[in-house]
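Given next are the chains, with one letter for each unit.
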Amino acid sequence: DGRVYKALLDFINILGSYSGDNLTEVIFRIGKRYGILHKILIITRDNALNNDTLCYYLYSRLLYKYDSYIEENPIRGASMRFKGENSQIRYFAYILNLIYKAILRSLSSSTYTDAVAFLNRVAERG
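Scoring rules and cut-offs
- Residues numbered from 1 in each chain as written.
- Predicted model: local features only at pLDDT ≥ 70, side-chain atom pairs only at ≥ 80, totals over all residues.
- Heavy atoms only, no water.
- pLDDT = per-residue confidence, 0-100.
- Helix = DSSP H or I, 4+ residues; strand = E, 2+ residues; numbered from the N terminus.
- Buried < 20%, exposed > 50% of the residue type's maximum accessible area, 1.4 Å probe, protein only.
- Contact = heavy atoms within 4.5 Å.
- Core = buried A, V, L, I, M, F, W, Y, C linked by side-chain atoms within 4.5 Å.

S.K.: An account of the confidence of the model for the protein chain is needed here, citing residue identities and associated values.
M.R.: Here the protein chain shows a mean pLDDT of 78. Residues at 70 or above account for 87%. Looking at the elements of the protein chain, mean pLDDT is at its lowest for strand 2 (residues 88–90), recorded as 74, and at its highest for helix 1 (residues 20–34), recorded as 91.

S.K.: Tell me about the environment of tyrosine 91, and please be specific about residues and values.
M.R.: Here tyrosine 91 shows up in the loop between strand 2 and helix 3 (92–106). What makes tyrosine 91 partly exposed here is its relative accessible area of 45%. Taking C-alpha positions, tyrosine 91 is 5.9 Å from threonine 44, a pair spaced 47 residues apart along the chain. When sequence neighbours within four positions are dropped, the list of residues in contact with tyrosine 91 reads Thr44, Arg45 and Asp46.

S.K.: Tell me what's going on with the nonpolar core, and back it up with residues and numbers.
M.R.: Counting residues in each nonpolar core, the largest one holds 16 residues, and the members touching the most others are Leu37, Ile43, Leu58, Leu62 and Phe82. When residues of this core are assigned to their parent elements, the largest contribution, 5 residues, is made by helix 2 (residues 49–65). Apart from the residues within four sequence positions on either side, isoleucine 43 is in contact with Ile27, Leu54, Cys55, Leu58, Phe82, Ser87, Gln88 and Ile89.

Right, here's the structure in full:
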């Protein structure tokens, strides 16, 4: 019907480590329970290595389930949409924080206060 739906699927305590393999099991189990594995499109994540592993293992599990078939333009039916590393969105706030830190470093500042003081000194010089 073209409408966007939002729902909390599960709120669980993850047992064991936060390894990519363990996170894959959690996501796969929840997706299977709700019958939405074929609807997984994107994983939004930070830069932790376990998330790369998560995407790799999840992609492998989905390829096995959907017989290695990826529909070019998936619109209807139960074809696989998740494409592993190509289906990742790095956590936007995390990336902004990295950019902010790089700017502070380039200004020879380590804090927001130092950066403001530096920029004020530059502005006073004209």
